[in-house]
Amino acid sequence: MAKTAKHEKSLSQAIHERRATPSFDGTPIPPEDLRKILEAGLSAPSGYNMQPWRFIVVQGDEQRRRLRAASYNQAKVEEASAVIVACGDADGWRKDLDRMLYQGLEGGMPESYADQARNSVPNYLSHFSRDEMHGWLNKMVMIAFTHMMLMAEVMGYDTAPMEGFEQEKVHEALRLPMSYWVVALLGVGHLKGPDKFSGGRFEMGHTVFSEEFGKPLK
Ligand SMILES: Cc1cc2nc3c(=O)[nH]c(=O)nc-3n(C[C@H](O)[C@H](O)[C@H](O)COP(=O)(O)O)c2cc1C
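Residues numbered from 1 in each chain as written. Predicted model: local features only at pLDDT ≥ 70, side-chain atom pairs only at ≥ 80, totals over all residues. Heavy atoms only, no water.

If you check the shell around the ligand, you find Arg18, Arg19, Ala20, Gln74, Lys76, Pro161, Met162, Glu163, Gly164, Lys196 and Arg201 and nothing else. At 2.8 Å, a side-chain N or O of Arg18 approaches an oxygen atom of the ligand. In the model, an oxygen atom of the ligand is placed 2.8 Å from a nitrogen or oxygen of the Arg201 side chain. Coverage of the ligand by the protein chains reaches 65% of its 620 Å² of free accessible surface. (Near = heavy atom within 4 Å. Polar contact = N/O pair within 3.5 Å; in protein donor to acceptor, adjacent residues only side chain to side chain. Areas by Shrake-Rupley, 256 points an atom, 1.4 Å probe, with all protein chains shown as cover.)

Our next topic: the environment of Ala70. Within the secondary structure layout, Ala70 lies in the loop between helix 3 (61–69) and helix 4 (75–79). Here Ala70 falls in the buried class, since its relative accessible area comes to 2%. Sequence-wise, Ala70 and Glu168 are 98 residues apart; in three dimensions their C-alpha atoms are separated by 8.3 Å. In contact with Ala70, not counting residues within four places along its chain, are Phe165, Glu166, Lys169 and Val170. (Helix = DSSP H or I, 4+ residues; strand = E, 2+ residues; numbered from the N terminus. Buried < 20%, exposed > 50% of the residue type's maximum accessible area, 1.4 Å probe, protein only. Contact = heavy atoms within 4.5 Å.)

This part covers the sheet that holds strand 1 (residues 53–58). The four strands are arranged 1-2-4-3 in an open sheet whose pairing can be described as antiparallel. Two strands bound the open sheet, and with one partner strand each, they are strand 1 and strand 3 (158–162). With strand direction ignored, the average angle separating the axes of adjacent strands in the sheet is 25°. Packing of helix 7 (residues 130–154) onto the sheet brings it into contact with strand 1, strand 2 (82–89), strand 3 and strand 4 (180–189), and relative to strand 4 it is tilted by some 10°. (Pairing = 2+ DSSP bridges. Axes fitted to C-alpha atoms, helices over the stretch in contact; angles between N-to-C directions.)

On to the nonpolar core. With 22 residues, the main nonpolar core has Ile37, Phe55, Ile84 and Val188 as its most contacted residues. Mapped by element, the contributors of at least two residues to this core are helix 2 (31–42), strand 1, strand 2, helix 7 and strand 4. For this core, the element with the highest residue contribution is helix 7, accounting for six residues. Residues Val58, Val77, Ala80 and Ala160 belong to the second largest nonpolar core, which totals 19 residues. (Core = buried A, V, L, I, M, F, W, Y, C linked by side-chain atoms within 4.5 Å.)

Between the first and last C-alpha of helix 6 (residues 111–125) there are 21 Å, a value that for 15 residues agrees with the 21 Å anticipated at 1.5 Å per step. Maximum bend of helix 6: about 30°, positioned at Ala117. Within the span of helix 6, buried status applies to Ala114, Ala117, Val121 and Leu125. Among the structural elements, helix 5 (92–106) and helix 7 are those in contact with the buried residues of helix 6. (Expected span 1.5 Å × (residues − 1). Bend = angle between axes of the 7 residues up to and from the residue.)

Under the criterion given, the structure shown has 14 salt bridges. A salt bridge links Arg65 to Glu78; the nearest nitrogen and oxygen atoms lie 4.0 Å apart. Within this pair, whereas Arg65 is found in helix 3, its partner Glu78 is found in helix 4, the two being separated by 13 residues in sequence. One network of salt bridges, in which partners are shared, links Arg54, Asp89, Lys95, Asp96 and Arg99. (Salt bridge = Lys/Arg side-chain N within 4 Å of Asp/Glu carboxyl O.)

Now the structure itself:
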């Protein structure tokens, strides 16, 4: 019987307790829980609200096997209840500009803003090199990815973010369009066995500065 979290963790508890899950027990995830996790991703902010993310939810045995083979044989890809393959669509902004503006205008976007965005979005994005586009997609998709990871943790699920995969092989396994760029995989499920050690984090003085580089935050 699949477990549905009844008591949600607070966000700070979820952030504190989250570990990259080493192994999952494979129990199925109820569709309503999966939808709630995905909706958290879709609620993320993005540049110009262009929402260039695309998510492929892999749950079937055969597809999980194929995805595992495209992911350096990482067992958790096959063990997770679901793997969300987080992609960015390099052509998304071309296809969705009108949709974004329509939705924005419905929600109170000023006409002047819409008129400006109609030009500035293509002006900005159409000049991107392939690498620049991938960098832009990485930024946007990882925010949505993190929303989903933390929502899953809040709901009592365990998660595993993964960058260990081969771009072309994932493309092939999931029959992705050429314009898609695979950013990361998110395994969701329930931990099997002992949790991973806590690797700790660098102290704030090593990674945070005040006002300019090198000045410690007091
Ligand atoms: C974007 C991203 C990709 C990762 N890729 C992998 C991966 O492919 N395989 C893996 O075992 N762990 C992967 N990890 C997990 C990290 O090793 C782990 O988050 C890190 O060691 C810190 O441990 P913690 O998440 O338990 O705090 C990835 C983490 C992130 C954020």
